[in-house]
Amino acid sequence: MGGGELPGLLVNEIGGIHGILHGHVALLKKHFYLITMKEFLENRKHMSKKVQAIYLWWHKPIIDRELLQSLPNLKVIANSGVGMDHLDLKLVASFGVKMANAPYAVSSSTADTGMALLLASARRLVEGNISILLSDLLGVEVTGATLGIIGMGSIGYKIALRAKAFEMNILYHNRTRRKEQEEQAVGATYCEKIDSLLQQADFVMVVVSLTPQTHKLIGKREMELMKPTATLINISRGAVVDQEALVTALQTGVIRAAALDVTYPEPLPRDHTLLKLKNVIITPHLGIKTDKTTYMITEEAVENILAALNGLPIPSEL
Ligand SMILES: O=CC(=O)O
């Protein structure tokens, strides 16, 4: 590769549902020679040597063995978010390729999405929006209610901060307990056992990453432990909740309601039962989708990729 040439960065496409946002192109072009998948596939022989990094936007392009084998100079894959369940980390590592995510950029807007869903479900905003003349839409009180946060990483913690301002009682469950000062700062109480959190919470917010250990973490048994007046909010990944069990729980009054930013698959098929239930709010994985957050994600990815290409410690290496 010639002296002053910028390193090649493979992206799925620019614009479109799975493409990086147009507004981010100038930032990326400052540091990289951008190659879309279309350009790559049209001129594979030439392009494959140029690619030194991949920027995954909304889980695309799909990283498989064939793609990895065709990129001899690939050094790093940067993800445009925090969840890495769409990537075969072992496979990527076996090619000696480094990986990074963007945990700093996403936490505030994802926590906001969680609170938006909580409030919308509690106060029946979606039904209210289309039934402005009805006066029998009784919601449930948020002030003074108990919120159980499952997963107290940076997003979970920001939810606790927000919930404190809503005067909620906050319980949390996490693999590792937070420091006492951190618990005190948000007024959160640790539940070593997830069951005890489920039994007490009026709102259960799921914020864990999807791993083999968290797959269907919230199933029939867990929903039956919840109060019949409780609401389940999921802003992590659909598969952390057993969706079939959830449908039954919502239909039979095992729990009051659900508010989901994530499902499986995404989007749900139009005729899916969940879309027909009145006591569910479903949003299309809006978690990180604000203008500011998405731009910060790209900035974080650029920083990670440049560090990797320069042989420096990668700030958010996995
Ligand atoms: O879903 C959003 C993320 O993984 O950051």
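Refer to the structure above for everything that follows.
Residues numbered from 1 in each chain as written. Predicted model: local features only at pLDDT ≥ 70, side-chain atom pairs only at ≥ 80, totals over all residues. Heavy atoms only, no water.

**What to know about the site of the ligand**
Rules: Near residues are defined by distance, with any heavy atom within 4 Å of the molecule or strand qualifying the residue. In the analysis that follows, any N or O atom pair within 3.5 Å is treated as a polar contact, provided that within protein one partner can donate a hydrogen and the other can accept it, and provided that, for residues neighboring in sequence, both atoms belong to side chains. Computed with a 1.4 Å probe, the accessible areas rest on the Shrake-Rupley method; for each residue, only the protein chains presented here act as cover. Lining residues are those with an atom within 4 Å of a point, where the points come from a 1 Å grid over the protein atoms alone and group into cavities, where a 1.4 Å probe fits but cannot get out, or pockets, open sets with protein on both sides within 12 Å along at least five of seven lines. Grid points define the cavity or pocket, and a molecule sits in it when more than half of its atoms lie within 2 Å of them. Residue polarity follows a fixed list, in which Ala, Val, Leu, Ile, Met, Phe, Trp, Tyr, Cys and Pro are nonpolar, Asp, Glu, Lys and Arg are charged, and the others, Gly among them, are polar.
Neighbouring the ligand are the residues G81, V82, G83, V106, R237, H285 and I288. Within the backbone of V82, a nitrogen or oxygen atom sits 2.7 Å from an oxygen atom of the ligand. Residue R237 places a side-chain N or O atom 2.7 Å away from an oxygen atom belonging to the ligand. In the complex, 89% of the free accessible area of the ligand, which totals 190 Å², lies under the protein chains. In a pocket analysis with a 2 Å cut-off to the grid points, the ligand is assigned to the largest pocket. Residues that form the shell around the ligand fall into these classes: 3 nonpolar, 3 polar and 1 charged.

**What about the layout of surface pockets?**
In this approach, a probe sized like a water molecule rolls over the atoms, and the result shows the empty space that is left. Heads up, the condition is: Grid points are joined across faces, edges and corners, and a volume is the space filled by probe spheres set on the points. In this description a helix means any DSSP run of H or I spanning at least four residues, a strand means any run of E spanning at least two, and both kinds are numbered starting from the N terminus.
In this structure, the largest pocket spans a volume of roughly 1,200 Å³. Lining of the largest pocket is provided by 42 residues; of these, R175, V207, V208, S209 and L210 occupy positions nearest its centre. When residues of the lining of the largest pocket are traced back to their parent elements, those giving at least two are α6 (103-122) and α8 (154-165). Considered as a void within the structure, the second largest pocket measures approximately 660 Å³ in volume. In this structure, the second largest pocket is lined by 20 residues; those nearest its centre are W58, E266, P267, P284 and H285. Considered class by class, the residues forming the lining of the second largest pocket number 8 nonpolar, 5 polar and 7 charged.

**Focus on the packing of aromatic side chains**
Let me state the cut-off plainly: Aromatic pairing here means that ring centres of Phe, Tyr or Trp (its six-membered ring) are within 6.5 Å. Orientation follows from the plane angle: under 30 degrees is stacked, over 60 is edge-to-face, and everything else is tilted. Burial status follows relative accessibility: with a 1.4 Å probe on protein chains alone, a residue under 20% of its type maximum counts as buried, one over 50% as exposed, and anything between as partly exposed. A positively charged side chain is recorded as over a ring if its NZ (Lys) or CZ (Arg) lies within 6 Å of the ring centre. The angle to the ring normal must also be within 35 degrees.
A full pass over the atoms with the stated rule returns 2 aromatic pairs. Between the aromatic rings of Y55 and W57, the centroid separation amounts to 5.9 Å while the plane-to-plane angle is 70 degrees, which identifies the pairing as edge-to-face. The class of W57 is buried, set by a relative accessible area of 6%. Over the ring of Y33 we find K50; its NZ or CZ atom is 5.2 Å from the centre of that ring.

**Considering the pairing of strand β11 (residues 257-260)**
Rules: When DSSP locates at least two bridges between a pair of strands, those strands are taken to pair. We call a crossover right-handed when, viewed with both strands directed away from the observer, the connection leading from the first strand over the helix to the second proceeds clockwise.
Across the two faces of β11 the burial is the same, with A257 and A259 and A258 and L260 all buried. Strand direction decides the pairing type here: strand β10 (residues 231-234) and β11, joined by 4 bridges, are parallel. Directly across from N234, in β11, lies its bridge partner L260. Note on the crossover from β10 through helix α12 (residues 243-251) to β11: the handedness is right-handed. The sheet contact formed by β11 and strand β12 (residues 280-282) spans 3 bridges and is parallel. When the bridges of β12 are listed, L260 appears paired with I282.

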